[in-house]
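Chain and residue survey
Residue strings, one per chain:
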2 protein chains.
Amino acid sequence: MKPIRAILASTSTVHGSGYLEYILETLEDFFKDINEILFIPFARPDGMSHDAYTAIAAHAFQNINKNLKGIHQYSNPKIAIQEAEAIFVGGGNTFLLVYDLYQYKVMDVLRDTIAAGIPYFGTSAGINIFGQTMQNTNDMPIVFPPSYKTLGLVPFNFNAHYVDPDPDSTHKGETRETRIKEYLTQNNIAVVGLREGSWLEINGTDITLKGALSARIFEKNKPAYELSTSLEFPVLRQN
Amino acid sequence: MKPIRAILASTSTVHGSGYLEYILETLEDFFKDINEILFIPFARPDGMSHDAYTAIAAHAFQNINKNLKGIHQYSNPKIAIQEAEAIFVGGGNTFLLVYDLYQYKVMDVLRDTIAAGIPYFGTSAGINIFGQTMQNTNDMPIVFPPSYKTLGLVPFNFNAHYVDPDPDSTHKGETRETRIKEYLTQNNIAVVGLREGSWLEINGTDITLKGALSARIFEKNKPAYELSTSLEFPVLRQN
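Owing to the predicted nature of the structure, the values given are computational and were not obtained by experimental measurement.

**Some details on the nonpolar core**
- Membership of the largest hydrophobic core comes to 116 residues, with the highest contact counts inside it found for Phe130(A) and Phe130(B).
- The contacts of Phe130(A), once residues within four sequence positions are left out, are Ile4(A), Ala6(A), Leu8(A), Ile114(A), Tyr120(A), Leu151(A), Gly152(A), Leu153(A), Val154(A), Phe158(A) and Ile202(A).

Right, here's the structure in full:
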């Protein structure tokens, strides 16, 4: 069996740069043996249509000479996943994404396909589903999925677009750190807070943090800590 | 039957001021005929215990000479609600609050008690439950409630701690406005974005916005708009 291969990016877009632009060189290398990528547009950012979202993603991948086809263009989404050369799940609303994956009954086949070594690229909501559950999403519960359980391909959860508390803020809503700590009062799954511009590269059992910024790791009954870029992920070994 | 009476505040605390301090004078008047208030601490901000949270709320209400007792101090939470003189539901995690209200089977009795005219005060998560559903919460789904349906005592939903998009932000996570618009692509319930320091006063069918700031109203297929303070709520009439 081939090892799992994945690139899991906090965000599709960093400030001052186009869609996927900051990570395109990495993707070119990651997908170098791939001709066509299956795109799953279920998260629908801004409520956009599957066609509109797929067009944006396809446009970005044209820059590295890859074809991209939306899963909604296939009559059977399950077979589309099983026969994919590579898969990209884009960001948007995680509740909507998870709802649709269950609705189309493809959560299991997606997990099995990635576990069998089909290269996976995810951004934002597309990384939230890679962990044990989607419970560290920042998104609004705009639909009611049948479960928060997700692919479970790593033994932790993700918080995409992680942001540090702003010491100058006058806003009294909870900080991201407070929200994740509240999660850990009710659950015992580590959470990886991935800052924008950073991503994880997964190659079999090796998980490496890449990109500009360190990640913040939250574990139950432990102070949160920073993990520097280019280091392997201790969180994986412990679980 | 007595009219519904409620004060629904975006936040318990505004910047530079103590817990409930900014609204205490309003509460003194609102609760002027009340001796004891039933407090529901289920939302557990920062994961704090029911005792610790109740102590904080009780301390604030001592300033206006009101006793406050936590629902967890009663052997039967349903009877505690039915016999309450007045009710206060504090903020924290909305998923946890809704989960516990269903767990203890008190969602219905809470709605009926408030509908019968028992004065209700809510902050943050405590206002999210006053609307049709909790689907415009900002909180993380740290537990899985059996339903997002809430008290339904007004024909709209709340977004507490509403914040405007920051034009100088370099962060690429969705703005609050984008999240609410995504909600309206999937649902047809108006959303009231209540800024910190503002609250709604409900007296029977009259709903009035009070406090320092206007509210932002989101309705399906309509541009979002501002509602000035001290104005009655057109949203109620339309639904």
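**Describing the relation of the copies chain B and chain A**
- Of the transformation placing chain B onto chain A, the axial shift is 0.0 Å and the rotation is 180 degrees, giving an RMSD of 0.0 Å. Expressed as a symmetry operation, the mapping of one chain copy onto the other fits a two-fold axis. Among all residues of chain B, the minimum C-alpha distance to the rotation axis is found for Asn138(B), at 3.8 Å.
- Comparing interface residues between copies, 100% of those in chain B also lie at the interface in chain A; the contact surface is shared.

**Quick look at helix α7 (residues 176–186) of chain B**
Residues and elements named next belong to chain B.
- Counting buried residues along α7, eight of its eleven residues qualify, which places the element largely inside the surrounding structure.
- Within the span of α7, buried status applies to Arg-176, Glu-177, Thr-178, Arg-179, Ile-180, Glu-182, Tyr-183 and Leu-184.
- Looking at the buried residues of α7, the elements they touch are β6 (157–162), β7 (191–195) and β10 (215–218).

**As for the confidence of the model for chain A**
- In this model, chain A carries an average pLDDT of 94, and 96% of its residues clear a pLDDT of 70 or more.
- Taken together, the chains of this predicted complex give a pTM of 0.94 and an interface ipTM of 0.92.

**Focus: the side chain of Asn138(A)**
- Considering the arrangement of structural elements, one finds Asn138(A) in the loop between α6 (125–128) and β6 (157–162).
- Classification of Asn138(A) by relative accessible area gives buried; the value is 15%.
- A polar atom in the side chain of Asn138(A) sits 2.9 Å from the backbone oxygen of Ala160(A).
- Here Arg176(A) takes part through its side chain, which lies 3.2 Å from a polar atom of the side chain of Asn138(A).
- Discounting residues that sit within four places of it in the chain, Asn138(A) has contacts with Asn159(A), Ala160(A), His161(A), Arg176(A), Met140(B) and Arg179(B).

**Some details on the interface of chain B and chain A**
- Contacts between the two partners involve 46 residues from chain B and, on the opposite side, 46 residues from chain A.
- Between chain B and chain A, roughly 3,700 Å² of surface is buried when both sides are summed, and carbon and sulfur atoms account for 58% of that area.
- Taken together, the links from chain B to chain A amount to two salt bridges.
- Here Asp139(B) and Arg179(A) are joined by a salt bridge, their closest N and O atoms 3.0 Å apart.
- At the surface where chain B touches chain A, the tally comes to 19 residue pairs in polar contact (both at pLDDT 80 or more).
- Broken down by secondary-structure element, the contributors of at least two residues to the side of chain B that touches chain A are α4 (94–103), β6 and α7 of chain B.
- Considering each element in turn, the side of chain B that touches chain A owes the most residues, eight residues, to α7(B).
- In terms of residue class, the side of chain B that touches chain A is built from 16 nonpolar, 21 polar and nine charged.

**With respect to the environment of Gly152(B)**
All names here are of chain B.
- When you line up the elements, Gly-152 lands in the loop between α6 (125–128) and β6.
- Judged by its relative accessible area of 32%, Gly-152 is partly exposed.
- Between the alpha carbons of Gly-152 and Leu-68 there is a distance of 25 Å; along the sequence they are 84 residues apart.

**Description of the sheet that holds β10(B)**
Residue and element names in this part refer to chain B.
- Here we have four strands laid out as an open sheet, ordered β6-β7-β10-β11, and mixed in their pairing. If you trace the sheet from one side to the other, it starts and ends with β6 and β11 (225–227), each paired once. Strand-to-strand twist of the sheet, defined as the mean angle between neighbouring strand axes without regard to direction, takes the value 30 degrees.
- Here three bridges tie β10 to β11, and the two strands are oriented antiparallel to one another. Its bridge partner lying in β11, Arg-216 is registered against Glu-226.

**Looking at the sheet that holds strand β3 (residues 67–70) of chain A**
Residues and elements named next belong to chain A.
- With mixed pairing, the seven strands of this open sheet are ordered in space as β3-β2-β4-β5-β1-β8-β9. The two strands at the open ends of the sheet, each matched to only one other strand, are β3 and β9 (206–211). Neighbour-to-neighbour, the strand axes of this sheet turn through a mean angle of 20 degrees, independent of strand direction.
- As defined by bridge partners, strand β8 (residues 198–203) adjoins β9 across six bridges and the pair is classed as antiparallel. In the sheet register, Asn-203 faces β9, and the bridge partner there is Asp-206.
- In the packing of helix α2 (residues 50–62) onto the sheet, contacts are made with β2 (36–40), β3, β4 (87–89) and β5 (120–123), and the angle to β3 comes to roughly 170 degrees.

**Thoughts on the pairing of β8(A)**
Residues and elements named next belong to chain A.
- Bridging between strand β1 (residues 5–9) and β8 involves five bridges; their strand directions are antiparallel. Residue pairing across strands places Ile-7 opposite Glu-201, the latter belonging to β8.
- Between the end of β8 and the start of β9, which pair antiparallel, lie two residues, with Gly-204 showing a positive phi angle near 65 degrees.

The rules behind the values
- Within each chain, residues carry numbers counting from 1 in the order of the written sequence.
- As they are written, the chains are lettered A onward and the ligands numbered 1 onward, keeping that order.
- Per-residue local features of the predicted model are confined to residues with pLDDT of at least 70, and side-chain atom pairs are confined, for both listing and counting, to 80 or more; whole-chain, interface and lining totals are unaffected and use all residues.
- Hydrogens and water are ignored here; the side-chain numbers use all heavy atoms of the structure.
- Nonpolar core, defined: a set of buried Ala, Val, Leu, Ile, Met, Phe, Trp, Tyr and Cys residues in which side-chain atoms within 4.5 Å join the residues together.
- Partly exposed describes any residue whose relative accessible area lies between the buried limit of under 20% and the exposed limit of over 50%, with all areas from a 1.4 Å probe on protein chains only and scaled to the type maximum.
- Contacts are assigned to residue pairs with any non-hydrogen atoms lying within 4.5 Å of each other.
- When the copies are overlaid, the least-squares fit takes in C-alpha atoms only where the residue has pLDDT of at least 70 in both copies.
- Each helix is a run of H or I in the DSSP string that is no shorter than four residues. Each strand is a run of E no shorter than two, and both are numbered from the N terminus.
- Values of pLDDT, which run from 0 to 100, indicate the predictor's confidence residue by residue.
- Within 3.5 Å is the distance limit for a polar contact, defined as a pair of N or O atoms, with the added protein rule that one can donate a hydrogen and the other accept it, and that residues adjacent in sequence qualify only through two side-chain atoms.
- Buried area: the accessible area, evaluated with a 1.4 Å probe, that two parts lose upon being put together, summed over both parts.
- In the sections that follow, a salt bridge refers to a side-chain nitrogen of Lys or Arg positioned within 4 Å of a carboxyl oxygen of Asp or Glu.
- Only Asp, Glu, Lys and Arg are considered charged in this grouping, and only Ala, Val, Leu, Ile, Met, Phe, Trp, Tyr, Cys and Pro are considered nonpolar; every other residue, Gly among them, is considered polar.
- One bridge is not enough; two strands pair if DSSP finds at least two bridges between them.
- Between the N-to-C directions of two axes lies an angle of 0 to 180 degrees, each axis being a line fitted to C-alpha atoms and, for a helix, fitted only over the stretch in contact.

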